[in-house]
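# Residue-level structural notes
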Amino acid sequence: MNSNNITKIVAEMACSHDGSYGLMKKIIDASFHGGADVIQLQIWKLKHMMTPSRNLYKKLKDIEFSYTQWGRIVEYTRKEYPTLMIYVCVYEHNSLDFINSLGVDGYKINSSDLTNYLVLEKISSYNKKTNLSVGASSLGEIQFALDKLQQNESLPITLMYGHQNFPTHPSQVNLNYMKTLGELFDLPYGYQDHCDADEESAYWLPAASIGMNASIIEKHITHDRSLKGVDHESALNPDEFAQFVKMVKTIDSAKGKNKPHSFSESEISYRKFQKKTV
């Protein structure tokens, strides 16, 4: 389904900013200079997302940003990097109108909200590029989400596949199922990588997914993984992220054409040297 041979690279910040406005800007800077097409933010109000009884509540409360701060970070990104697209991963419906007022380029719906019609129906109405995360989801849940989203027949949807474990062991990924889901729902698909960023699999598994026609690669990025902050397990450092992007672009350039074509100069040279006349 990825007919243009160009893989879109999403730099997923998640909560790697650790609640610091300065670190968030640093990660955005690194995403752009590293070659990402998209910076993905996570915007939410904790009071609308979970109750104080949840184990993560205090940690997330400590790193929560206000709407004013989010507005400033989007403004910063637009001013400094106008070609960098901004996607937002959403987790609750109350913040959606505010997020949409920021003029973002697209949305990601977390797999936790595949049956949350309040989120799905609002996202559908915005008519912007929508990445639907389908990890750890049943076929029924995916179909429910698509039924709601596709009430807007023109909504561009990409299924985003990834094993929801941080970090993920390669044996858990099951890339074949990614391709099966794309074929089953007749939609383009992408890969969200959550492998251990210290392991080589953090590079070659996304590479393998491109070979299986993934059109989007979502990769976590952080400012310094060694500090072991929030969402660090599968996040690349800025220099690593730049190398990752270089790898993806090299793979894209190697795809070439899928139809017969004229011989290149090197092929013509090879034929003169090697072909036999019998």
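Conventions adopted
- Residues numbered from 1 in each chain as written.
- Predicted model: local features only at pLDDT ≥ 70, side-chain atom pairs only at ≥ 80, totals over all residues.
- Heavy atoms only, no water.
- Helix = DSSP H or I, 4+ residues; strand = E, 2+ residues; numbered from the N terminus.
- Buried < 20%, exposed > 50% of the residue type's maximum accessible area, 1.4 Å probe, protein only.
- Contact = heavy atoms within 4.5 Å.
- Pairing = 2+ DSSP bridges.
- Axes fitted to C-alpha atoms, helices over the stretch in contact; angles between N-to-C directions.
- Parallel < 35°, antiparallel > 145°, perpendicular 65-115°, else oblique.
- Left-handed = near helix turned anticlockwise from the far one by under 90°.
- Arc of directions from axis to C-beta.

## Examining the environment of V10
Relative to the helices and strands, V10 resides in strand β1 (residues 8–12). Overall, the relative accessible area of 1% leaves V10 in the buried class. Between the C-alpha atom of V10 and that of G35, which follows or precedes it by 25 residues, the distance is 9.7 Å. Here V10 is in contact with V38, Q40, I216, I217, E218 and K219, once residues within four sequence places are set aside.

## With respect to the sheet that holds β1
Strands pair in a sheet through their backbones, by hydrogen bonds, and they do so in one of two ways: parallel or antiparallel. The strand order around the closed barrel formed by 8 strands is β1-β2-β3-β4-β5-β6-β7-β8, and the pairing between neighbours is parallel. Strand-to-strand twist across the sheet, computed as the mean angle between neighbouring axes with direction ignored, equals 25°. As judged from the 4 bridges shared by strand β3 (residues 85–90) and strand β4 (residues 106–109), these two strands associate in the parallel manner. Bridged to V90 within β4 is I109. On the sheet, helix α7 (residues 139–149) packs against β4, β5 (129–133) and β6 (157–161) and is oriented at approximately 165° with respect to β5. Along the sheet, helix α10 (residues 238–255) contacts β1 and β8 (216–220); its crossing angle with β1, the most-contacted strand, is approximately 165°.

## A look at the packing of α7 against helix α8 (residues 175–185)
Contact geometry for α7 and α8: axes closest at 12 Å, N-to-C directions at 45°. On the basis of their axis angle, the class for α7 and α8 is oblique. When the axes of α7 and α8 are compared, the crossing they make is right-handed. Seen from α7, the contacting residues are L139, I142, Q143 and L146; seen from α8, they are Y177, L181, L184 and F185.

## Observations regarding α8
Along α8, the residues classified as buried are L175, M178, L181, G182 and F185. Down the axis, α8 shows its buried residues gathered within 110° of arc, on one side only. Facing away from the buried surface of α8 by more than 90 degrees, the exposed residues are N176, E183 and L184. Within two residues after α8, D186 carries a phi angle of roughly 55°, on the positive side.

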